[in-house]
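Chain and residue survey
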Amino acid sequence: MIKVLLFADLEEKAGKREIELSVDSMTIDEVRTILLEMYPAMTRIQNAMPAVNEEYAEDKDIVKSGDTVAFIPPVSGG
């Protein structure tokens, strides 16, 4: 199982902060695709920075059961 953490508007669109995916392994890009299928309104996930086990990651990186993937949307401020 892969745990996914969502922040800011991604959490709002999904209606929850944490999602569990019952898979053994997949790429971060595949995780994004599954989340978009589950929550079509979560379009900003395409621009979110992924992290795996608290380290920034790339879309082609593989996550495995037991890993935690976080998607951190871009923020702006002044």
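In this text the structure is predicted, and so the values were computed from the model without any measurement. (Residues numbered from 1 in each chain as written. Predicted model: local features only at pLDDT ≥ 70, side-chain atom pairs only at ≥ 80, totals over all residues. Heavy atoms only, no water.)

1. Some details on a nonpolar patch on the surface
Judged by side-chain polarity, M49, Y56 and I72 come together as a nonpolar surface patch covering roughly 320 Å² of accessible area. Inspection of the secondary structure puts M49 in strand β4 (residues 49-52). (Patch = residues over 30% accessible without salt bridge, like charges linked within 9 Å, V, L, I, M, F, W, Y side chains within 5 Å. Areas by Shrake-Rupley, 256 points an atom, 1.4 Å probe, with all protein chains shown as cover. Salt bridge = Lys/Arg side-chain N within 4 Å of Asp/Glu carboxyl O. Helix = DSSP H or I, 4+ residues; strand = E, 2+ residues; numbered from the N terminus.)

2. Some remarks on unusual backbone geometry
Despite not being glycine, A8 has its phi angle at roughly 55°, a positive value. With respect to the secondary-structure elements, A8 resides in helix α1 (residues 8-14). The backbone phi angle of N53 is positive, close to 50°, even though this residue is not glycine. Residue position: N53 is located in the loop between β4 and β5 (55-56). A relative accessible area of 41% places N53 in the partly exposed class. (Buried < 20%, exposed > 50% of the residue type's maximum accessible area, 1.4 Å probe, protein only.)

3. Some words on the nonpolar core
Counting 20 residues, the largest nonpolar core has L6, L35 and F71 as the members making the most contacts within it. Those elements giving two or more residues to this core turn out to be β1 (2-6), α1, β2 (18-21), α2 (28-38) and β7 (68-72). Aside from chain neighbours lying at most four places away, what touches L6 is E11, A14, K16, R17, I19, L35, M42 and F71. (Core = buried A, V, L, I, M, F, W, Y, C linked by side-chain atoms within 4.5 Å. Contact = heavy atoms within 4.5 Å.)

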